[in-house]
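Descriptive analysis of the structure
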Amino acid sequence: MNEITESPAELPDPLLPSPADAARSPASSGVPWQVVSIMMAGTFMAILDSFIVIVAEPVIQADLGASGGQLQWTLAGYQLTYAVFLITGGRLGDLYGRRRVFVLGTAIFTLASVACALAGTANGLIAARLAQGLGSGVMVPQVFAVITALVPERGRHRVFGVLGMVMGLATVSGQLVGGLLIGADLFGSGWRPIFWINLPVGLAVILAAAVRVPETWGTRARRIDVPGVVLLTVASSLAIFPLIEGREAGWPRWTWACFAASAVLFGVFARVERRVGERGGDPLVRLSLFSRRPFSVGLVLVLVLYACITSYYLVLSVSLQDGLGMTALGAGLTYTPAAAMFFVFSMVAGRLVPRYGRRVLMTGAVVLAAGYASTAIILLSGVRFAPGAVIPTLMLQSVGGGLVITPSLNAVLARIDPRDAGLASGVLSTAQQVGGALGVAIIGVVFFGSFHPSAGGADTAAAHALAMSSVFTCAAALVATVLVCLLPGGRRG
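These numbers were taken from a predicted model, which means no experiment stands behind them.

For the protein chain, the count of helices and strands is 18 helices and 2 strands. With the C-alpha coordinates of the protein chain rotated into their principal frame, the extents come out at 60 × 50 × 45 Å. When burial is assessed residue by residue, the protein chain has 58% of its 493 residues classed as buried. Residue pairs at least 24 apart in sequence account for 84% of intrachain contacts in the protein chain once pairs closer than 6 positions are excluded. Carbon and sulfur atoms form 67% of the exposed surface of the protein chain, whose accessible area is close to 18,300 Å². In the protein chain, the 32 positive side-chain charges and the 22 negative ones have mean positions that sit 9 Å from each other.

So this is what it looks like as C-alpha cells:
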C-alpha cells in the first residue's frame, strides 16, 4: 500500500485558495476521486441509518412487540453512541492510521447491521443499534481526515461540495429508501431489509478501502489519552442523552441535572487536556485549535445549520404522514425535488467558493432563511396544506442549503494542519450530531406544542405546527447568516 506522511500546511485564508496554491498547475490539484468515493460511501451509510429506522418503527413495533420507550431507543441509541465516539474515533485514526480505523469502523457497523437484521427481541435490536452507532462514530471522522490529507487545497472545495451533497441526500432519502424496502417486503422479511442492505455495501466498502485507500496518520499523535477519552465520553453522554430523551420525558429534573453535570465535566476535561499539553503529553483534544477563528466560528456555524436541516425534515415527515395521511414512500417522494436542488447547488457551491469566498455562504444562508420564511408565510396564509404547496419552498431551502452547508465543512477544515485532521474531523462531526440533536429537541417543543389535531383536523394542525417550526428554522438560518459574517473574509490578491 502507499503510505503518506503529512506535513504542516498553515494557510492564511480559510475560504479562498492561497496565491501559491492558485499558481499550481491543474495537474497538481487533481482529486483522487476513486478514494474519495469509497470514503463517502461509508458516510452515506452512517447518515442513512440515522433516518431509515423512522419509517420502519410501526412495523418493528408490531413484529417485536416493542414498547414506546424501546422503539424510541432504536433511534436514540444509535444517535447517542454515534455522537459520543466521534472525537475519540478521529484521534484513533490519527494514531493508528485512518484507513485502518475506517475499515475497523465499517466492519463494526456492518456486523452490527447484521445483528439488527437478525434481532428477535426489541432489546436485542437496541443493543445492535448501539454497536452500529459506535461503528459510525469510528468510521465517519476518517472521511473528513482523509479528504484533508489527500486532496490538494485547490480541489478541496469541489470535494466538500460532493460530500455535502452525499450527506444531504442521505438525510432526505432515508425514509424514501426505507419505504421502498419495507413496501417490497422481500421474502416476507418486513423491516429487516433496511439493515440487510448494509451487508453487501459494507463488505464492498471494506474491500475497496483496503485495496485502494492509501494510509495516512497524524504525526502529532503518539498515544491515546485514556483519562481524556473517559472524561469526554461521560461529559458528551450527559449532554446528548437528555437532548434525545428530554422532550418525550417532559424535561424532568434529571435532564437539567445531566446538563449541569456535563458542563462541570467539560470544564474538568479542558483543564486536564491543558495540563497534559503543558507537560509535553499527547492530549485527546488540542485546545489551541479552538483559538483559530475559522475553526471555532465554523464549528458553531455547522452546529446551527445541522440544527436546522435535521430537525426540519423530521417534523416535515410527521406533518406529511400524521397530518396528511401520506405513506412513508409518498413523503419521501415529496422530498425528491428538494434533494435534486441540493445536489445541483452543492456542486455549484464547490465551483463558486474558490472565486467568491464567503459571499457564496452568505447568499446561501439568506436564501435558506427565505425558504423557511416562505414556507411559514404560505402555511399561515390559509392556503390548503398539500405537497404541492410546500415543494417549491422546500426547493428554495435546498438551494440555500447547498450553497451554505457544503462550503461550511470546508470553512472548518480548510486551514487545519493535516497532522490534526483526524482530531479536527472528529470535532466537526460531533458538531453536526450535537446540532442535529439540539435542533430536534427544540423544534420538537415548538412542533408538538403547536400540533393539536383534535382542535381543527389533522391537516390544519400539521400546517400550523409546520409553520411554527419554519419560523424557528428561519431564525436559526438568520443566526447562521451572522456567523458567516464572522468568518474571516478576503479577496484573492
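Read on, since the account is not over.
This next bit is on the packing of aromatic side chains. One pass over the full model with this rule turns up 9 aromatic pairs. With a centroid separation of 5.5 Å and 35 degrees between ring planes, the pair formed by phenylalanine 241 and tryptophan 254 is classed as tilted. Of this pair, phenylalanine 241 sits in helix α10 (residues 226–249) while tryptophan 254 sits in helix α11 (residues 253–278); the two residues are 13 residues apart in sequence, bridging distant segments of the chain. Relative accessible area serves as the criterion here: at 25%, phenylalanine 241 is assigned to the partly exposed category.

Compared with an ideal rise of 1.5 Å per residue, which puts 15 residues at 21 Å, helix α9 (residues 198–212) spans 20 Å between its outermost C-alpha atoms and is within 8% of the ideal. On its buried side, α9 packs onto α2 (33–64), α5 (98–118), α6 (122–150) and α8 (193–196).

With that settled, consider a nonpolar patch on the surface. Taken together, the side chains of Leu180, Leu329 and Leu333 make up a nonpolar region of the molecular surface, amounting to roughly 250 Å² of accessible area. By secondary structure assignment, the location of leucine 329 is in helix α13 (residues 328–356).

With that settled, consider α2. Side chains that are three or four residues apart share a direction in an α-helix, a result of its 3.6 residues per turn. Of all bends in α2, the biggest is about 60 degrees, found at alanine 56, and the proline proline 58 comes one to four residues later. Backbone geometry just after α2 places glycine 65 at a positive phi near 65 degrees.

If you trace the backbone, threonine 393 turns up in helix α15 (residues 387–413). A distance of 2.9 Å separates a polar atom in the side chain of threonine 393 from the backbone oxygen of valine 390. Excluding residues that lie within four positions of it along the chain, threonine 393 makes contacts with Gly371, Ser374, Thr375 and Ile378.

With that out of the way, let us pick up the side chain of threonine 375. By secondary structure assignment, the location of threonine 375 is in helix α14 (residues 358–380). For threonine 375, a relative accessible area of 1% puts it in the buried group. Apart from residues no more than four positions distant in its own chain, threonine 375 is found in contact with Tyr312, Val390, Thr393, Gln397 and Ser470.

One non-glycine residue with positive phi stands out, namely tryptophan 251, at about 50 degrees. Within the secondary structure layout, tryptophan 251 lies in the loop between α10 and α11. Classification of tryptophan 251 by relative accessible area gives partly exposed; the value is 23%.

Moving on, we come to the environment of phenylalanine 295. Looking at the element boundaries, phenylalanine 295 is found in helix α12 (residues 293–323). For phenylalanine 295, a relative accessible area of 1% corresponds to the buried category. With residues near it in sequence (within four places) discarded, phenylalanine 295 still touches Leu289, Phe290, Val412, Ile416, Ala424 and Val427.

Axis separation between helix α4 (residues 86–96) and α6 bottoms out at 7 Å; the angle between their running directions is 55 degrees. With respect to each other, α4 and α6 are oriented oblique. Remark: the crossing between α4 and α6 carries right-handed chirality. Packed against α4, whose contacting residues are Leu86, Gly89, Gly90 and Gly93, the element α6 presents Ser136, Gly137, Val138, Val140, Pro141 and Gln142 at the interface. Here the residues of the contact of α4 with α6 are counted per class, giving 4 nonpolar, 6 polar and no charged.

All right, on to the pattern of salt bridges then. A side chain with one charge may pair with a side chain of the opposite charge, provided their charged atoms come close. All chains considered together, the criterion is met by 6 salt bridges. The salt bridge partner of arginine 129 is aspartate 49, with a shortest N-O separation of 3.9 Å. Linking arginine 129 in helix α6 with aspartate 49 in helix α2, this pair joins segments that are 80 residues apart in sequence. In this structure aspartate 49 comes out as buried when scored by relative accessible area, which is 0%.

Scoring rules and cut-offs
Residues numbered from 1 in each chain as written. Predicted model: local features only at pLDDT ≥ 70, side-chain atom pairs only at ≥ 80, totals over all residues. Heavy atoms only, no water. Helix = DSSP H or I, 4+ residues; strand = E, 2+ residues; numbered from the N terminus. Buried < 20%, exposed > 50% of the residue type's maximum accessible area, 1.4 Å probe, protein only. Contact = heavy atoms within 4.5 Å. Areas by Shrake-Rupley, 256 points an atom, 1.4 Å probe, with all protein chains shown as cover. Lys, Arg positive; Asp, Glu negative; His and termini not counted. Charge placed at Lys NZ, Arg CZ, Asp CG, Glu CD. Phe/Tyr/Trp six-rings, centres within 6.5 Å; stacked < 30°, edge-to-face > 60°. Expected span 1.5 Å × (residues − 1). Patch = residues over 30% accessible without salt bridge, like charges linked within 9 Å, V, L, I, M, F, W, Y side chains within 5 Å. Salt bridge = Lys/Arg side-chain N within 4 Å of Asp/Glu carboxyl O. Bend = angle between axes of the 7 residues up to and from the residue. Polar contact = N/O pair within 3.5 Å; in protein donor to acceptor, adjacent residues only side chain to side chain. Axes fitted to C-alpha atoms, helices over the stretch in contact; angles between N-to-C directions. Parallel < 35°, antiparallel > 145°, perpendicular 65-115°, else oblique. Left-handed = near helix turned anticlockwise from the far one by under 90°. Nonpolar A, V, L, I, M, F, W, Y, C, P; charged D, E, K, R; others polar.

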